[in-house]
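Now for the letters of each chain:
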Amino acid sequence: MSKNAVCYLCKGCGIGDALDFERLTEVVEEGGVSEVKEHDALCSPEGLAMIKEDIDGGVDAVLIGACSSRVKTDEFSFGGGVVVERTSLREQVVWCTSPDATDDGEEDRQMLAEDYLRMACVKLEKCQPLTPFQLEGEIYKSLMVVGGGPAGMSAAIQAAKAGSQVFLIEKEDKLGGFLNTIDKLGPQSPPYTELEDNPVAEMVGQIEASDKIKVFTGCTVAKTAGAPGKFDVELSNGEKLQIGAIVQATGWLPYDASKLADELAYGSSPDIVTNVEFEQMVKDGKLARKSDGEDIAAIAFIQCAGSRDQNHLPYCSAFCCLVSLKQAIYVKEQNPETAVYVIYKDIRTPSQSEEVYREAQRKGVIFIRRDETYPTITAGDKLSLEVNDVLLGEDVSLEELDMVVLATGMRPNNPKVVDAPLVAFGEDQEVAKKLTAEAKAACEDWSVLNLDYRQGKNLPTLKYAMPDSHFICFPYESRRTGIYPVGTVRRPMRLTQAIDDGVGAALKAIQAIKAAEAGCAVHPRSGDESFPEFFMQRCTQCKRCTEECPFGAINEDEKANPLPNPTRCRRCGVCMGACPERIISFKNYSVDMIGSMIKAINVPEEDDEKPRVIMLACENDALPAIDMAAAKGMTWSPYVRLIPIRCLGSMNLVWIADALSSGIDGVVLLGCRRGEDYQCHFIKGSELANVRMSKISETLTRLVLESDRVAVEEVSITDLHKIPAIIDAFMETIEEVGPNPYKGF
Ligand code: SF4
Ligand code: SF4
């Protein structure tokens, strides 16, 4: 081993009782690590002091055989310059195997531990110390917030409070966005029954008073080039800005109610209005019949007008119930005698907003529950309405209504999207596949940021044309690092939620700049100082890396040479898995490194009847699920060797070919769920792995091996209970197909 390496083996947590440390020491020494130290509890102050003392004395590579690399991360971090490799003797050997599992249970468990240490030695040898990527020249630390509505103003105010210079870009001639159109906010503070003042004036005042926020109104973004820490932005007014990170808070569009003409008679009477139009009437002090200015004696609010409806907006817009309750209270506060009806499918009033519902009831608002069928509305001098009341179980007629308010929902603020049914924007749905090319192209043609990226000028969107990175775990991330969609850009939400959202996005944007400055990754591999390096002499300009990178991190020059932008990179390794020339690698993760680890596994002879299976497991969901399963006392075959990988998308087929040609009996790829409810932290890792796996049959045919020897399984982090069954089923398959004939070659 070229490094000054020491291996530390922990005897705590039952490891010392289960394994033969003399033999483990021999294996490590054969792996090139000349010194092995044991400790009863390596993570104790004494254990850690022992390691630190060695590092101070010149040790630059540390192999820790103890618990999973997912735990005790702070304890076993020793700063840059020291290569640390951890192998899990606790979760992946002692906890997940039983000495009674096989005829040679103790021996099989020992062999498992020895293989993990062999693999760790190889990895330690091949890993290089990390040197964080440094952008050349000055790092731009200003934030650009695009959109001066509630979320954008909130992001700007919070970023400025945190000390950042902010450029706030608003296309209209004044700040405020949607806040300018509303009268009051719903209740926000105890007792959650009183309507509250619109905060727009106060927020605009804060922005105007801040010397850290420069506002551009009547202005849009003409071009955004560069990467986090180094965005060069051109505005429509010709101004050029140097920006570190971007918050996109460009709001929403009301659903086009003219599409509800058939179902809800919109357009047949001026007294049938949307919730947005009604709010404007209140704001303008004109709470009266629109047709003739007479008082309103009876009014009905129709909830889910076009929402949760596959023919219109398939989702709940999450704000319209509360808005209708607020507007019903407006009416009752103006005249308690007015008959106010709310016709709903479900009233959705989360947390304290349930009090608003109760307050509306107390004020005499009448609630009528309908089913999926819309009420029938007839327009004359007055309006009438028939609806099936599912609680009474009979049809109800409301006559002599002065107004009907349609609680319409939100759609993304992309004017081009309005021409296409939103349901069509879920990439993986059947209906999306039928979306006309023109509709998608029209949507993509319009852009807020006009990104100068090889992958297109927009933030990529997933379902319903909302920009999305990972809908469960990382709410603010887009698939363009350093650009944070916020508020109703990323999902439908209430005004007050959008204001809160602005705070989160501002902090994420500041973090992105700090990460660019430090040369490390943002979510989900926060703090990772590795980055992909390209051995360009062997690049064939095939474009696979630029096309498959889920985060648009790689541009291209005119000759199709990849131009990596490491501060855009999330360190997923998908490009590494994509590159047919295998010229992309990280200092601590490479095709060669994993391939060599696989080759380090000791494959017993066929006569030994000890199969060997490799499990390449995604470290984001599968690995934690496996660790948790082991921690819960679940056990599985000691013949399985687990190799964590950054993402199934980083998997290179050569690993499988290497494994099978070296006598490994089978390979399981354990990744995240793909498709519409995808779990992959890197968006499409499982899908890419599946595409690559479709090509594995060539390898198996060439090796004359059964296709059953390779399997792809999907798990989410909570699927720990499925782990033993998945492994057991695969081991049974391997038993059926028999030993790999390449053993011993
Ligand atoms: S590691 Fe992932 S994010 Fe980075 S360049 Fe490669 S594919 Fe793109
Ligand atoms: S995938 Fe590899 S060979 Fe192809 S363009 Fe990218 S770096 Fe070059």
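Residues numbered from 1 in each chain as written. Chains lettered and ligands numbered in written order. Predicted model: local features only at pLDDT ≥ 70, side-chain atom pairs only at ≥ 80, totals over all residues. Heavy atoms only, no water.

Draft legend 1. Expanded view of the layout of surface pockets. What the largest pocket holds in volume is close to 1600 Å³. Counting only elements with at least two residues in the lining of the largest pocket, the list comes to strand S4 (83–88), helix H5 (105–126), helix H17 (591–600), helix H18 (622–631) and strand S30 (640–645). It is S4 that provides the largest number of residues to the lining of the largest pocket, a total of 6 residues. A class-by-class count of the residues in the lining of the largest pocket yields 22 nonpolar, 15 polar and 11 charged. Looking at which domains feed residues into the lining of the largest pocket, each of domain 1 (1–130) and domain 5 (588–744) gives three or more. (1 Å grid on protein atoms, 1.4 Å probe; cavity = no way out; pocket = protein on both sides within 12 Å on 5 of 7 lines; lining within 4 Å. Points joined across faces, edges and corners; volume = space filled by probe spheres on them. Helix = DSSP H or I, 4+ residues; strand = E, 2+ residues; numbered from the N terminus. Nonpolar A, V, L, I, M, F, W, Y, C, P; charged D, E, K, R; others polar. Domains from an automatic or database assignment.)

Draft legend 2. Summary view of the site of ligand 2. The full set close to ligand 2 counts 14 residues, and Cys539, Cys542, Lys543, Cys545 and Cys579 are the nearest of them. Applying the majority rule of atoms within 2 Å of the grid points places ligand 2 in the second largest cavity. Partitioned by chemical class, the residues of the shell around ligand 2 number 9 nonpolar, 2 polar and 3 charged. (Near = heavy atom within 4 Å. Sits in = over half its atoms within 2 Å of the grid points.)

Draft legend 3. Region of interest: the site of ligand 1. In the region of ligand 1, 13 residues are neighbours, and Cys549, Cys569, Cys572, Gly573 and Cys575 sit closest. Its atoms largely coinciding with the cavity grid, ligand 1 occupies the largest cavity. Each residue belonging to the shell around ligand 1 can be placed in one class, and the counts come to 10 nonpolar, 1 polar and 2 charged.

Draft legend 4. Unusual backbone geometry, seen in detail. The peptide bond linking Pro190 to Pro191 adopts the cis configuration, its omega dihedral lying at 5°. Positionally, Pro191 belongs in the loop between strand S7 (184–185) and strand S8 (196–197). One non-glycine residue, Ser351, lies in the positive phi region at around 45°. Classification of Ser351 by relative accessible area gives exposed; the value is 58%. A positive phi is found at Gln541, a non-glycine position, where the angle reads about 55°. Judged by relative accessible area, which is 31%, Gln541 ranks as partly exposed. (Buried < 20%, exposed > 50% of the residue type's maximum accessible area, 1.4 Å probe, protein only.)

Draft legend 5. Representation of the packing of aromatic side chains. A full pass over the atoms with the stated rule returns 9 aromatic pairs. A ring pair is formed by Phe167 and Phe216, whose centres lie 6.3 Å apart and whose planes are at 40°; its orientation type is tilted. You can see Phe167 sitting in strand S6 (residues 166–170) and its partner Phe216 sitting in strand S9 (residues 213–217), a full 49 residues away along the chain. A single burial state applies to Phe167 and to Phe216, both of which are buried. Ring pairs connect the aromatic residues Phe178, Trp252 and Phe319, which therefore count as one cluster. Lys230 extends its terminal NZ or CZ atom over the ring of Tyr140, reaching a point 5.0 Å from the ring centre. Note that Arg568 overlies the ring of Tyr453, its terminal NZ or CZ placed 3.5 Å from the centroid. (Phe/Tyr/Trp six-rings, centres within 6.5 Å; stacked < 30°, edge-to-face > 60°. Lys NZ or Arg CZ within 6 Å of the ring centre and 35° of its normal.)

Draft legend 6. Here's a closer look at the pairing of strand S13 (residues 245–248). Residues Ala245 and Val247 point to one face of S13 and Ile246 and Gln248 to the other, with burial holding for every one of them. Judged from the 4 bridges that link them, strand S5 (residues 143–146) and S13 form a sheet pairing that is parallel. Of the residues in S13, the one forming a bridge with Val146 is Gln248. Relative to strand S24 (residues 483–485), S13 runs parallel, the two being bridged by 3 bridges. (Pairing = 2+ DSSP bridges.)

Draft legend 7. Seen up close, the domain arrangement of the protein. Domain assignment breaks the protein into domain 1 (1–130), domain 2 (143–252 + 448–518), domain 3 (257–411), domain 4 (532–581) and domain 5 (588–744). The distance between the C-alpha centroids of domain 2 and domain 5 comes to 42 Å.

Draft legend 8. Fine view of the sheet that holds strand S17 (residues 339–344). Read from one edge of the open sheet, 5 strands run S15-S22-S16-S17-S18, paired in parallel fashion. What marks the edges here is a single partner per strand, and that holds for strand S15 (272–274) and strand S18 (366–369). Ignoring strand direction, the axes of neighbouring strands in this sheet form an average angle of 20°. One ladder, built from 4 bridges, connects strand S16 (residues 298–302) with strand S22 (residues 403–406); its direction is parallel. In the strand pairing of S22, Ile302 is matched with Leu406. The strands that helix H10 (residues 320–334) touches are S16, S17, S18 and S22; relative to S16, the one it contacts most, it runs at about 175°. (Axes fitted to C-alpha atoms, helices over the stretch in contact; angles between N-to-C directions. Contact = heavy atoms within 4.5 Å.)

Draft legend 9. Main features of the pairing of strand S3 (residues 61–66). Of all 6 residues that make up S3, 6 are buried, and the element is covered over most of its length. Residues Ala61, Leu63 and Gly65 of S3 are buried on one face, and the alternating residues Val62, Ile64 and Ala66, pointing to the opposite face, are buried as well. Summarising the sheet, strand S1 (residues 5–10) and S3 pair through 5 bridges and their orientation is parallel. Looking across to S3, one finds that Ala5 is bridged to Ala61. The pairing of S3 with S4 spans 6 bridges and is parallel. If you follow Ala66 over to S4, its bridge partner there is Ser88.

Draft legend 10. Expanded view of a negative patch on the surface. The grouping of Asp20, Glu22, Glu26, Glu29 and Glu30 at the surface amounts to a negative patch. The residue Glu29 is located in helix H2 (residues 21–30) in this model. With a relative accessible area of 42%, Glu29 lands in the partly exposed category. (Patch = residues over 30% accessible without salt bridge, like charges linked within 9 Å, V, L, I, M, F, W, Y side chains within 5 Å. Areas by Shrake-Rupley, 256 points an atom, 1.4 Å probe, with all protein chains shown as cover. Salt bridge = Lys/Arg side-chain N within 4 Å of Asp/Glu carboxyl O. Lys, Arg positive; Asp, Glu negative; His and termini not counted. Charge placed at Lys NZ, Arg CZ, Asp CG, Glu CD.)

Draft legend 11. Empty space enclosed by the protein, seen in detail. For the coordinates displayed, the defined rule picks out 5 cavities of 30 Å³ or more. If you add up the space inside the largest cavity, you get close to 100 Å³. Its residues assigned to classes, the lining of the largest cavity comprises 13 nonpolar, 2 polar and 2 charged. Size it by volume and the second largest cavity reaches roughly 80 Å³. Taken together, 13 residues form the lining of the second largest cavity, with Cys539, Cys542, Cys545, Cys579 and Ile583 sitting closest to its centre. Across the lining of the second largest cavity, the residue classes break down as 8 nonpolar, 2 polar and 3 charged.

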